[in-house]
Amino acid sequence: LYFCSHGERWELQLKGSGKTPYSRNGDGRAVLRSSVREFLCSEAMHYLGIPTSRAASLVVSDDDVWRDQFYNGNTKKERGAIVLRLAKSWFRIGSLEILAHSGELDLQRKLLDFVIQEHFPSIAMNDSNRYLEFFSTVVLETANLIALWMSVGFAHGVCNTDNFSLLSITIDYGPFGFMDSYDPNFVPNTSDDEGRYKIGNQANVGLFNLNKLLQALKPLLDPRQKQLASQILEEYGKHYYSRFTELFKRKLGLLGENENDNYLIAFLLKVSLLF
């Protein structure tokens, strides 16, 4: 579904309305508790200036939903709800990854061309390097998005390829959380026992997901493009660190360039661990 406003097109999606082809073994429902959290947080992220999906409405359901909130075997009945959420696109890295994995390269190429044509106007569709340009843009914008998350202490909670947008926006608010105080080991997901998605690991997970995107794109690239794409991915850390530093310097009111700026940022973050 599409909604047009001021020349923009948004895709509408219902979360919690029931089973879909992507529900796997779940019931496709959502509880009021998590629905309110997604509604509030997506709007908060938007007004914080962070690329995100948004929420248009929340409807409380009369149906009961059974959930094990703390994953401890204690299932309880909760009130259901449905969120109408919006995004420029809901396609994710996983959308391309699954097609590459199943060998559906023609369909993958069609989907990729559609995404580029609809959402990457700076990339010419007759450019033989369009997939390379697309990958370069996603690498840069993903680094920017995660740096923005870190600048407000936001931990997504489940940063797998199914939850990483090809448009580099924040989607799929599940077990997210904001740090009350700086802690690189902060984990908002109670089921993440190993801390894979802890806030201090988000940049690394972003790199992991981008590598999965590169693997999905490789069947569509020639040998030269594959080499260039690998070089582009190697620049991810530099992009992330540069944007992270820029955002934290802005918070501290640091103007210009000083070789001690990075030391000061690292020192202040380390000191905050003591409180």
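Here, every reference points to the structure presented above.
Residues numbered from 1 in each chain as written. Predicted model: local features only at pLDDT ≥ 70, side-chain atom pairs only at ≥ 80, totals over all residues. Heavy atoms only, no water.

Student: Quick one: what's the story with a nonpolar patch on the surface, residue by residue and with numbers?
Tutor: There is a patch of nonpolar side chains on the surface, built from Leu-252, Tyr-263, Leu-264, Phe-267 and Leu-268 and spanning about 470 Å² of accessible area. For the nonpolar patch, the element with the highest residue contribution is helix H8 (residues 261-272), accounting for 4 residues. Within the secondary structure, Leu-252 is located in helix H7 (residues 236-252). Under the relative-accessibility criterion, Leu-252 is labelled partly exposed at 39%. (Patch = residues over 30% accessible without salt bridge, like charges linked within 9 Å, V, L, I, M, F, W, Y side chains within 5 Å. Areas by Shrake-Rupley, 256 points an atom, 1.4 Å probe, with all protein chains shown as cover. Salt bridge = Lys/Arg side-chain N within 4 Å of Asp/Glu carboxyl O. Helix = DSSP H or I, 4+ residues; strand = E, 2+ residues; numbered from the N terminus. Buried < 20%, exposed > 50% of the residue type's maximum accessible area, 1.4 Å probe, protein only.)

Student: Any chance you could break down the packing of aromatic side chains for me, citing the residues and the numbers?
Tutor: According to the stated counting rule, one finds 11 aromatic pairs in the structure shown. Between Tyr-240 and Phe-244 the ring centres are 5.8 Å apart and the planes differ by 35°, which places this aromatic pair in the tilted class. Highlighted residues: Tyr-240 and Phe-244, both in helix H7, separated by 4 residues, approximately one helical turn. Given the relative accessible area of 13%, Tyr-240 is considered buried. In this structure an aromatic cluster arises from ring pairing among Trp-149, Phe-154, Phe-164, Tyr-173, Phe-176 and Phe-178. It is Arg-37 that lies over the ring of Phe-176; its NZ or CZ is 4.1 Å from the centre. (Phe/Tyr/Trp six-rings, centres within 6.5 Å; stacked < 30°, edge-to-face > 60°. Lys NZ or Arg CZ within 6 Å of the ring centre and 35° of its normal.)

Student: Break down helix H3 (residues 105-119) for me, with residues and values.
Tutor: Compared with an ideal rise of 1.5 Å per residue, which puts 15 residues at 21 Å, H3 spans 21 Å between its outermost C-alpha atoms and is within 8% of the ideal. Of all the residues in H3, the buried ones are Gln-108, Leu-111, Leu-112, Asp-113, Val-115 and Ile-116. Where H3 is buried, its residues contact helix H2 (93-101), helix H4 (130-151) and helix H5 (202-217). (Expected span 1.5 Å × (residues − 1). Contact = heavy atoms within 4.5 Å.)

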